[in-house]
Amino acid sequence: MEATGDQLILATGGYDHIIKLWQAHTGNCIRTLRFVETSQVNALDRTPDKTRLAACGYQCIRLYDLESNCTVPVINFESVQKNVTRLGFQEDGNWMYTAGEDHRVRIWDMLSATPHCSRVFDCQAPVNAACLHPNQVEIAMGAQNGGVYLWDVKSEVHEQLIPEVDASIQDVAISPDGQYMAAVNNKGNCYIWSLSSSPNQKLTTLQPKLKIAAHKRYVLRCKFSPDSRLLVTTSGDGTARIWKSDDFTMWRELCIEGYWVWDAAFSADSKYLFTASSDGIARLWKLQTKNPERKYTGHTKAITALSFKDEIVSE
């Protein structure tokens, strides 16, 4: 994870109603952004061109300009209901998706001067998670009723699965190579599906592959590494566990005893992992050694979301 100027920025947010921007390679906080006094930060994501940062929370979605010194959002998204739990961007930045406890996943047109909602999918239950398939047209979602959904944004075709009854899906992830989908729930379980597609199919086919008893407690997040070889699950049991995607056996366990590990993000080379936890500290771990290489301290309460994007620079 080589530092190439100041663009290696880690963003963190949590229960103290602020978002902090850090130089990832030094641990220095370079800016503090004001969020909403009535909400924690549920999710963060940067636009693909890295110029803006989106954040969501209770009844709010905010967009910040990273190229100015402004600490307040440049856009407040209007008429947002209930808790907004996830957001992310299509690879060209043309649209953004959000998921929330109003049962809906929304597509926001980001090309207009004022972003507006152009499409809506109703999961008929509060939505905890959503992620975009690398094909850039399908969105996977996880709901509190135990449902896992796949929705084609263009054709509106969708499918629903319920891997475990009476269990809330807390997060969903699709590997960058498009081979696997993972979903984690509040019972500590992680479900894996194999994905396949063909030209005559309307929607990616989901084939159940595996159930992993990933944690003894609530699983909060799951994410695949950029090289698709690893899957991280984070939990209320004080651990982030790394699973090898060739056989889904556990490879590493990172421990922050006594705290919830709320979020995680891999570096582009898949060799490092950032974690956000309820002790108010973000950490950078070297996976080979399982050691925390750096701590990012400055939040006064739990960190519940983080965002990091770097790129492998070819020599």
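Notes on the structure follow. (Residues numbered from 1 in each chain as written. Predicted model: local features only at pLDDT ≥ 70, side-chain atom pairs only at ≥ 80, totals over all residues. Heavy atoms only, no water.)

1. Notes on unusual backbone geometry
At His-17, a residue that is not glycine, the phi angle is positive and equals roughly 65 degrees. Along the chain, His-17 falls in the loop between β1 (9-14) and β2 (18-23). At Ser-228, a residue that is not glycine, the phi angle is positive and equals roughly 65 degrees. In this structure, Ser-228 sits in the loop between β20 (219-224) and β21 (230-235). In this structure Ser-228 comes out as buried when scored by relative accessible area, which is 5%. (Helix = DSSP H or I, 4+ residues; strand = E, 2+ residues; numbered from the N terminus. Buried < 20%, exposed > 50% of the residue type's maximum accessible area, 1.4 Å probe, protein only.)

2. Considering the side chain of Ser-39
Structurally, the position occupied by Ser-39 is in the loop between β3 (29-34) and β4 (43-46). For Ser-39, the side chain forms a polar contact with the main-chain nitrogen of Tyr-58, separated by 2.7 Å. Residues contacting Ser-39, with those up to four places away along its chain left out, are His-17, Gly-57, Tyr-58 and Cys-60. (Polar contact = N/O pair within 3.5 Å; in protein donor to acceptor, adjacent residues only side chain to side chain. Contact = heavy atoms within 4.5 Å.)

3. Regarding the sheet that holds β2
Spatial strand order, β3-β2-β1-β28: four strands in an open sheet with antiparallel pairing. Strand pairing shows two members of the sheet lacking a second neighbour, β3 and β28 (303-308), which therefore form its edges. In this sheet, adjacent strand axes meet at a mean angle of 20 degrees when their direction is disregarded. Pairing of β2 with β3, which is carried by five bridges, proceeds in the antiparallel orientation. Bridging from a neighbouring strand, Trp-22 pairs with Cys-29 of β3. (Pairing = 2+ DSSP bridges. Axes fitted to C-alpha atoms, helices over the stretch in contact; angles between N-to-C directions.)

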